[in-house]
Amino acid sequence: MRMALELQMLGWAVVIGLVHLLWAAAAAQPQRGLKWNVGPRDTPVVLTGMAGRLERAFANFRETFPLFAAAVLVAYLGGRLGMLAAHGAVLYVGARAIYIFLYAFGVPVIRSLVWLASLIGIGLILAALVI
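Counting restarts for each chain: residues are numbered from 1 in the order of the written sequence. This being a predicted model, a pLDDT of at least 70 is required before a residue's local features are given, and a value of 80 or more before pairs of side-chain atoms are given or counted; all residues contribute to the totals for chains, interfaces and linings. As a rule here, side-chain values cover all heavy atoms of the structure and leave hydrogens and water aside.

## Examining the side chain of Glu 6
Using the following cut-off: Comment: elements are numbered from the N terminus, with helices defined as DSSP H or I runs of at least four residues and strands as E runs of at least two. For every residue, the accessible area (1.4 Å probe, protein chains only) is compared with the maximum for its type, and the residue is labelled buried under 20%, exposed over 50%, or partly exposed between those bounds. The sign given to each residue is positive for Lys and Arg and negative for Asp and Glu; His and the chain ends receive no count. One side-chain nitrogen of Lys or Arg within 4 Å of one carboxyl oxygen of Asp or Glu is enough to make a salt bridge. For this analysis, residues touch if any pair of their heavy atoms sits within 4.5 Å.
Mapping Glu 6 onto the fold places it in helix H1 (residues 5–38). Salt bridges are absent for the buried Glu 6, whose nearest opposite-charge side chain, Arg 2, sits at 9.2 Å. Apart from the residues lying within four places of it in its own chain, the contact partners of Glu 6 are Val 72, Leu 81, Gly 82, Ala 85, Ala 86 and Ala 89.

Listed below in structure tokens is the structure:
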């Protein structure tokens, strides 16, 4: 039996989350240092440049991912999968994959439009629940 596309996209979103996590941690390492990483982390380190942008991008991903995951799971469990939910899931995952690079390299405006596209993707999945 083939896994539903929406669930496959949920899996890919998890991969994107791992990329966010690892890229942000690697970029922050030179600014935070080994002592901070292995210590209690009581003193916050304000990250600058790409490291700061990657940290903020990951924070943004953590805000939207639970909403996406919940929408996909409700659609799946409610038997509401179809073209609308599939397009929404693909739009969300595609936009989030592009977003990390746009944010990392400091691309304004387009980054915000791509973020909006990811929210529209979640909206399409939610629309599939009621249509």
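## Concerning the packing of aromatic side chains
This is how it is decided: The rule is short: rings of Phe, Tyr and Trp, with Trp giving its six-membered ring, pair when the centres are within 6.5 Å, and they are stacked under 30 degrees, edge-to-face over 60, tilted in between. Charges are assigned to positions over rings by a cutoff of 6 Å between ring centre and Lys NZ or Arg CZ, combined with an angular limit of 35 degrees from the ring normal.
Considering all chains together, one arrives at five aromatic pairs under this definition. Summarising the aromatic geometry, the rings of Phe 61 and Phe 65 are spaced 5.4 Å apart at their centres and angled 25° between planes, so their arrangement reads as stacked. Of this pair, Phe 61 and Phe 65 both sit in helix H2 (residues 49–77), four residues apart, which is roughly one turn of the helix. The structure contains a cluster of three or more aromatic residues connected by ring pairs, namely Trp 23, Phe 101 and Phe 105. We note Arg 96 situated over the ring of Tyr 99; from NZ or CZ to the ring centre the distance is 4.4 Å. The ring of Tyr 103 is capped by Arg 111, whose NZ or CZ atom sits 4.2 Å from the centre of that ring.

## Let's talk about the pattern of salt bridges
Scanning the model with the defined rule gives one salt bridge in all. Its salt-bridge partner being Glu 55, residue Arg 32 comes within 2.5 Å of it at the nearest N-O pair. Taken together, the positions of Arg 32 in helix H1 and Glu 55 in helix H2 put the pair 23 residues apart, joining distant regions of the chain.

## Looking at the layout of surface pockets
Basically, it comes down to this: For cavity detection a 1 Å grid was placed over the protein atoms alone, and a set of points counts as a cavity when a 1.4 Å probe fits there but cannot get out; an open set counts as a pocket when protein lies on both sides within 12 Å along at least five of seven lines, with lining residues being those that have an atom within 4 Å of a point. Grid points are joined across faces, edges and corners, and a volume is the space filled by probe spheres set on the points. Residue polarity follows a fixed list, in which Ala, Val, Leu, Ile, Met, Phe, Trp, Tyr, Cys and Pro are nonpolar, Asp, Glu, Lys and Arg are charged, and the others, Gly among them, are polar.
One number sums up the size of the largest pocket: a volume of about 200 Å³. Surrounding the largest pocket, Leu 21, Ala 24, Ala 25, Ala 28, Arg 32, Trp 36, Asn 37, Arg 41, Leu 47, Glu 55, Phe 58 and Arg 62 form its lining. Contributions of two or more residues to the lining of the largest pocket are made by H1 and H2. In terms of residue count, the dominant contributor to the lining of the largest pocket is H1 (seven residues). For the lining of the largest pocket, the residue count by class is seven nonpolar, one polar and four charged.

## Describing a nonpolar patch on the surface
The condition is simple: Within this analysis, patches are made of residues with over 30% relative accessible area and no salt bridge. Like charges are joined at 9 Å or less; nonpolar side chains (Val, Leu, Ile, Met, Phe, Trp, Tyr) at 5 Å or less. Each accessible area is a Shrake-Rupley estimate made with a 1.4 Å probe; only the visible protein chains count as cover when residues are assessed.
On the surface, Leu 91, Val 109, Leu 113, Leu 116 and Ile 120 cluster together into a nonpolar patch covering about 440 Å² of accessible area. Looking at the nonpolar patch, the element that brings in the most residues is helix H4 (residues 110–130), giving three residues. Relative to the assigned elements, Val 109 resides in the loop between helix H3 (83–104) and H4.

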